[in-house]
Amino acid sequence: MAEPSHSAGCRECSGTGYVVEQVLGHTARARRCACYAACPSCGGSGYLLVSSVPSPVAQVCPCRHLDERISLFNRVGIPAAIALASFDSFRSWSPDHAASKAAAEDFAHKFRSDQPTKGFLLYGRPGAGKTHLLSAALRYLSLEKRVPCRYVEFMLLLSDIRAGFDSNRGHMEVLRPLIQVPVLAIDELGKERGTDWERSMLDELISRRFNSGLTTLFATNYFVEDRAVPETPGRVVRTRSAEFQRDAESMTLAQRVGDRVYSRLNEMCVFVKLDPGHDLRKDRTGSGSAGFWKG
Ligand SMILES: [Zn+2]
Ligand SMILES: [Zn+2]
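Residues numbered from 1 in each chain as written. Chains lettered and ligands numbered in written order. Predicted model: local features only at pLDDT ≥ 70, side-chain atom pairs only at ≥ 80, totals over all residues. Heavy atoms only, no water.

Visitor: Can you explain the pairing of strand 3 (residues 47–50)? Please cite residues and give values.
Guide: Here strand 3 pairs with strand 4 (residues 57–60) via 4 bridges, running antiparallel. Among the inter-strand pairings, Val50 is bridged to a residue of strand 4, identified as Val57. The hairpin turn running from strand 3 into strand 4, its antiparallel successor, is 6 residues long. (Pairing = 2+ DSSP bridges. Helix = DSSP H or I, 4+ residues; strand = E, 2+ residues; numbered from the N terminus.)

Structure, rendered in structure tokens:
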């Protein structure tokens, strides 16, 4: 029987050469698949000679730059909860899902490092799969196209900057790698309190990226358009914090981030609504708990 390794038939990697793993407490990690330990197709040169008339032509072997692509993916910073997210594992439950996936996939396929590419901004209520699509796009770009990418949750980034101040590090030390990376995904935009300082950090980050022609992707729970937020069914007692929460939820993205940042977002991104109308995490877990899923 023929050697079963290093083929599209590999059960672990389907012939891609890499396997992505979910390890609790760590960001998503990829490793070289055992079937690619040594490449029997190209002998490690990264090229295959394919017979052709009048003479054989060299074709890129799937193993080319494999280690570099894997190490790029391992630096993206995709959270463990969403480590296995890919376009293939994204389930389209609604027309919004199908359209959002198509937009993210189209972006990833067309992305080019040598010219500015407009990013996308996903908006809608939590639990619909926005983080999944951000991660899937970064996975595709790093593992398939060898594009350096980073993922950040905006609130956590602000905490990192504040922690830097405590050890006498300026904000630029934290921001610089994010200003320079070819593709940056900013998740949970608008969840911050919205102080002048927070807005100035966001403005600096995205304005510098925009001026350098770099691509930025976003996801936010805040809507672009005005909408009425329904009261939670069955709530009898109106508490102050519930009222506050409802007021915050009914704010638009422009109100959350300010007009200046909002108009910059418009220049940088195509806005894509992903809001099927109910919280899918509740459907999956039956309890309303976020479990091992992220929005
Ligand atoms: Zn394999
Ligand atoms: Zn090879």
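Let's pick the thread back up.
Visitor: Explain the packing of helix 6 (residues 196–211) against helix 9 (residues 259–268) residue by residue, including any values.
Guide: Put simply, helix 6 and helix 9 touch, their axes get as near as 10 Å, and they point 25° apart. The angle between helix 6 and helix 9 places the two elements in the roughly parallel class. Both helix 6 and helix 9 take part in a crossing whose hand is left-handed. Along its contact with helix 6, which presents Arg199, Leu202, Asp203, Ile206, Ser207 and Phe210, the element helix 9 presents Arg260, Val261, Arg264, Leu265, Glu267 and Met268. Of the residues belonging to the contact of helix 6 with helix 9, the class tally is 6 nonpolar, 1 polar and 5 charged. (Axes fitted to C-alpha atoms, helices over the stretch in contact; angles between N-to-C directions. Parallel < 35°, antiparallel > 145°, perpendicular 65-115°, else oblique. Left-handed = near helix turned anticlockwise from the far one by under 90°. Contact = heavy atoms within 4.5 Å. Nonpolar A, V, L, I, M, F, W, Y, C, P; charged D, E, K, R; others polar.)

Visitor: Describe the coordination of the zinc ion (ligand 1), with residues and values.
Guide: At the metal site, the zinc ion (ligand 1) is ligated by Cys10 (SG), Cys13 (SG), Cys33 (SG) and Cys35 (SG), and these contacts range over 2.2 to 2.3 Å. In this structure, the zinc ion (ligand 1) is surrounded by 4 donor atoms whose angles at the metal cover 104 to 113°, and the resulting shape is tetrahedral. Donor residues for the zinc ion (ligand 1), ordered by position in the chain, follow C-x2-C-x19-C-x1-C. You can see Cys10 sitting in the segment before strand 1 (18–21) and its partner Cys33 sitting in the loop between strand 2 (29–32) and strand 3, a full 23 residues away along the chain. (Donors = N, O, S within 2.8 Å, 3.2 Å for Na, K, Ca; no water. Tetrahedral: all angles 85-135°; square planar, octahedral: opposite > 155°, others 65-115°.)

Visitor: Residue-level account of the sheet that holds strand 8 (residues 215–220), with values.
Guide: With parallel pairing, 5 strands are arranged side by side in an open sheet as 6-7-8-5-9. Lying at the two open borders of the sheet, with one neighbouring strand each, are strand 6 (149–153) and strand 9 (269–273). Sheet twist, expressed as the average angle between the axes of neighbouring strands with direction ignored, equals 15°. Where strand 7 (residues 183–187) and strand 8 come together, 4 bridges link them in parallel fashion.

Visitor: Account for the coordination of the zinc ion (ligand 2), with residues named and values stated.
Guide: Protein-derived coordination of the zinc ion (ligand 2) comes from Cys39 (SG), Cys42 (SG), Cys61 (SG) and Cys63 (SG), at a distance range of 2.2 to 2.3 Å. Around the zinc ion (ligand 2) sit 4 donor atoms; with metal-centred angles ranging over 101 to 117°, the donor geometry is tetrahedral. Residue Cys42 is classed as buried on the basis of its relative accessible area, which comes to 12%. (Buried < 20%, exposed > 50% of the residue type's maximum accessible area, 1.4 Å probe, protein only.)

Visitor: I'd love a proper account of the nonpolar core, names of residues and values included.
Guide: Of all hydrophobic cores here, the largest spans 47 residues; its most connected members are Phe120, Leu138, Leu141, Val183 and Leu217. Counting only elements with at least two residues in this core, the list comes to strand 1, helix 1 (66–74), helix 2 (95–110), strand 5 (119–123), helix 3 (130–145), strand 6, strand 7 and strand 8. Sorting elements by how many residues they give to this core places helix 3 first, with 7 residues. Each of domain 1 (18–60) and domain 2 (84–285) accounts for three or more of the residues forming this core. Residues contacting Leu141, with those up to four places away along its chain left out, are Phe107, Ala108, Phe111, Arg146, Val147, Cys149 and Val183. By size, the runner-up hydrophobic cluster in this structure holds 31 residues, among which are Tyr123, Phe154, Leu158 and Tyr262. (Core = buried A, V, L, I, M, F, W, Y, C linked by side-chain atoms within 4.5 Å. Domains from an automatic or database assignment.)

Worth remembering: the numbers are spatial, not functional.
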